[in-house]
Amino acid sequence: MDGKILAVSDLIRLPKQYGTMLLLMPILWSLFAAGNGSPPVSLVIIFIAGSFLMRSAGCAINDIIDRDIDRFVERTKERPLASGRLKSKEAILIFCILIILSLLLALRLNRLTILLSPFALLLAIIYPYTKRYIHTPQAVLGIAFGWGAVMAWTAVRNSVGLPPFVILMANIFWATSYDTIYAVMDREDDIRVGVKSTAILFGSYTWIALAILFL
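Heads up: these notes are all about the structure in this document. As the structure is a computational prediction, the values presented were derived from the model and not from experiment. (Residues numbered from 1 in each chain as written. Predicted model: local features only at pLDDT ≥ 70, side-chain atom pairs only at ≥ 80, totals over all residues. Heavy atoms only, no water.)

Moving on, we get to the packing of aromatic side chains. Within this structure, the stated rule accounts for 2 aromatic pairs. Taken together, a centroid distance of 5.7 Å and an interplanar angle of 55° make the contact between Phe-119 and Trp-147 tilted. You can see Phe-119 sitting in helix H7 (residues 111-130) and its partner Trp-147 sitting in helix H8 (residues 137-157), a full 28 residues away along the chain. According to the relative accessible area criterion, Phe-119 is partly exposed, its value standing at 43%. Owing to a relative accessible area of 13%, Trp-147 belongs among the buried residues under this scheme. The interplanar angle of 90° and the centroid separation of 5.3 Å between the aromatic rings of Trp-174 and Tyr-178 together place this pair among those described as edge-to-face. Taken together, the residues Trp-174 and Tyr-178, both in helix H9 (residues 162-193) and 4 residues apart, mark about one turn of the helix. A relative accessible area of 31% places Trp-174 in the partly exposed class. (Phe/Tyr/Trp six-rings, centres within 6.5 Å; stacked < 30°, edge-to-face > 60°. Helix = DSSP H or I, 4+ residues; strand = E, 2+ residues; numbered from the N terminus. Buried < 20%, exposed > 50% of the residue type's maximum accessible area, 1.4 Å probe, protein only.)

Right, dumping it as structure tokens:
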């Protein structure tokens, strides 16, 4: 039983919450901008909890979809599904629970924000597949991690505005940058298994591209 609990913890990256922080930063930026520096505390709590749940769900669905690839990549071969510590149906159950909890949180928001929330789920599911077909899956990750900024804005203002889309655009460049650094570590394995990434696309110009993207 302890082994299963540890496997679930590893599936949702429970000890590694920097991913939640990366998801939360553009959301908080948007929340505080929309609320003129003082957004409702209830919304801050909802979006913090939602960031944890959706990031955890994103990790779960990523591992489910990539389980046959992860076992051949040095950095990911010990993940619960790739190593066999967790079964696919168990991971799918965890994913469904996390999505249901996220939905319950979303239902506490206004109607416009609820209507925008399915796009967050869609992006979380699409992202793992993009590395099979395009050389810029990191940009898709940036959209997925930045969409919460749009939802945060509408949750406060109950309308769509330009600022959250500027934050979203900034997050695309930022996420592409930091995830390219991860991709550099996996580049040799990714080439071998046929996975695409910006690290492969940029090649020897990766560090120049990173400087431009971060700027």
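From this point, the discussion proceeds with the structure in view.
Let us look at the pattern of salt bridges. Counted under the stated rule, the structure contains 11 salt bridges. The partner of Asp-189 in a salt bridge is Arg-192, with the nearest N and O atoms 2.8 Å apart. A residue pair is termed a helical-turn pair when its members lie 3 or 4 positions apart in one helix, as Asp-189 and Arg-192 do in helix H9 at 3 residues. Through salt bridges with shared partners, a single ionic network connects Arg-13, Asp-63, Asp-70 and Arg-79. (Salt bridge = Lys/Arg side-chain N within 4 Å of Asp/Glu carboxyl O.)

Turning our attention to unusual backbone geometry. Of note in this structure, Arg-13 is not a glycine but carries a positive phi near 55°. Positionally, Arg-13 belongs in the loop between helix H1 (2-11) and helix H2 (18-34). Assessed through its relative accessible area of 12%, Arg-13 is described here as buried. Backbone geometry places Asn-158, a non-glycine residue, at a positive phi of 55°. Counting through the fold element by element, Asn-158 comes out in the loop between H8 and H9. A relative accessible area of 48% places Asn-158 in the partly exposed class.

For the rest of this paragraph, the subject is the side chain of Ser-102. Turning to its location among the elements, Ser-102 is positioned in helix H6 (residues 88-106). On the basis of relative accessible area, Ser-102 is assigned to the buried category, the value being 10%. Among residues more than four places away in sequence, those in contact with Ser-102 are Leu-53 and Met-54. (Contact = heavy atoms within 4.5 Å.)

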